[in-house]
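# Observations on the three-dimensional arrangement
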Amino acid sequence: MTERKNQRHQQPELHGGVLSGGGSPTLWGALIGLIVFVFVGVPISAAVRFATHPMSQQLFGGRLSEATVGGYTAFWWIVAIMLLALPFLVGWGVAKLSARTLTVIGAIAVAFFIVILILGQLYVF
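Quick caveat, the model's predicted, so the values are computed rather than measured.

Calculation criteria
Residues numbered from 1 in each chain as written. Predicted model: local features only at pLDDT ≥ 70, side-chain atom pairs only at ≥ 80, totals over all residues. Heavy atoms only, no water. Helix = DSSP H or I, 4+ residues; strand = E, 2+ residues; numbered from the N terminus. Areas by Shrake-Rupley, 256 points an atom, 1.4 Å probe, with all protein chains shown as cover. Phe/Tyr/Trp six-rings, centres within 6.5 Å; stacked < 30°, edge-to-face > 60°. Axes fitted to C-alpha atoms, helices over the stretch in contact; angles between N-to-C directions. Parallel < 35°, antiparallel > 145°, perpendicular 65-115°, else oblique. Nonpolar A, V, L, I, M, F, W, Y, C, P; charged D, E, K, R; others polar. Core = buried A, V, L, I, M, F, W, Y, C linked by side-chain atoms within 4.5 Å. Buried < 20%, exposed > 50% of the residue type's maximum accessible area, 1.4 Å probe, protein only. Bend = angle between axes of the 7 residues up to and from the residue. pLDDT = per-residue confidence, 0-100.

Scanning the chain from N- to C-terminus turns up six helices and zero strands. From first element to last, N terminus to C terminus, the chain shows the α and β order α-α-α-α-α-α. For the chain, the accessible surface area stands at approximately 9000 Å², while carbon and sulfur atoms represent 70% of it.

Okay, here's the thing in structure tokens:
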């Protein structure tokens, strides 16, 4: 009798995906990271193309065509790496969603931005 009573009160365990119920924070982070990757896919491709093809430097004309090839290539590789890291950072931030995590992500973004500005001033512009 008690066994039958316990069976009625047990709720079935739901095994939904990211969009069901509350979802897993890790799955939400992966989904948001994938969405961000879709948006930055073309800029990543362009940055890698500019970094690997030295004749692309002539496309920009003006001061960019006068920059050193090494500086130009380093600038575009750093931009490509930064863009490639962006979906992982955003996904990790969504998965953790704490003030400390958001502070770390903000500090990393600011550091990359400062590095790009400095390299841009030294080698590209």
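Applying the stated rule across the entire model yields two aromatic pairs. Judged by centre distance (5.2 Å) and plane angle (75°), the ring pair of Phe75 and Trp76 falls under edge-to-face. Clustering of aromatic rings is evident, with ring pairs tying together Phe50, Phe75 and Trp76.

So, about the packing of helix 2 (residues 25-52) against helix 5 (residues 69-96). Two quantities define a packed helix pair, namely the angle between the helix axes and the distance between the axes. Their axes nearest at 6 Å, the elements helix 2 and helix 5 cross at an angle of 175°. By the angle between their directions, the pair helix 2 and helix 5 is classed as roughly antiparallel. Counted by class, the contact of helix 2 with helix 5 contains 24 nonpolar, six polar and no charged residues.

Moving on to the nonpolar core. Within the largest apolar cluster, 14 residues are counted, with the highest numbers of intra-cluster contacts made by Ala47, Phe50, Phe75, Trp76 and Val79. Contributing elements (two or more residues each) for this core: helix 2, helix 5 and helix 6 (99-124).

In this section: helix 2. Its maximal kink placed at Val40, helix 2 deviates by approximately 50°, while the proline Pro43 follows within four residues. Listed as buried for helix 2 are Gly29, Gly33, Val36, Val40, Ile44, Ala46, Ala47, Phe50 and Ala51.

Turning our attention to the confidence of the model for the chain. On average, residues of the chain score 77 in pLDDT, and 74% of them reach the 70 mark or higher. Of all secondary-structure elements in the chain, the lowest mean pLDDT belongs to helix 1 (residues 2-9), at 56, while helix 2 reaches the highest, 88.

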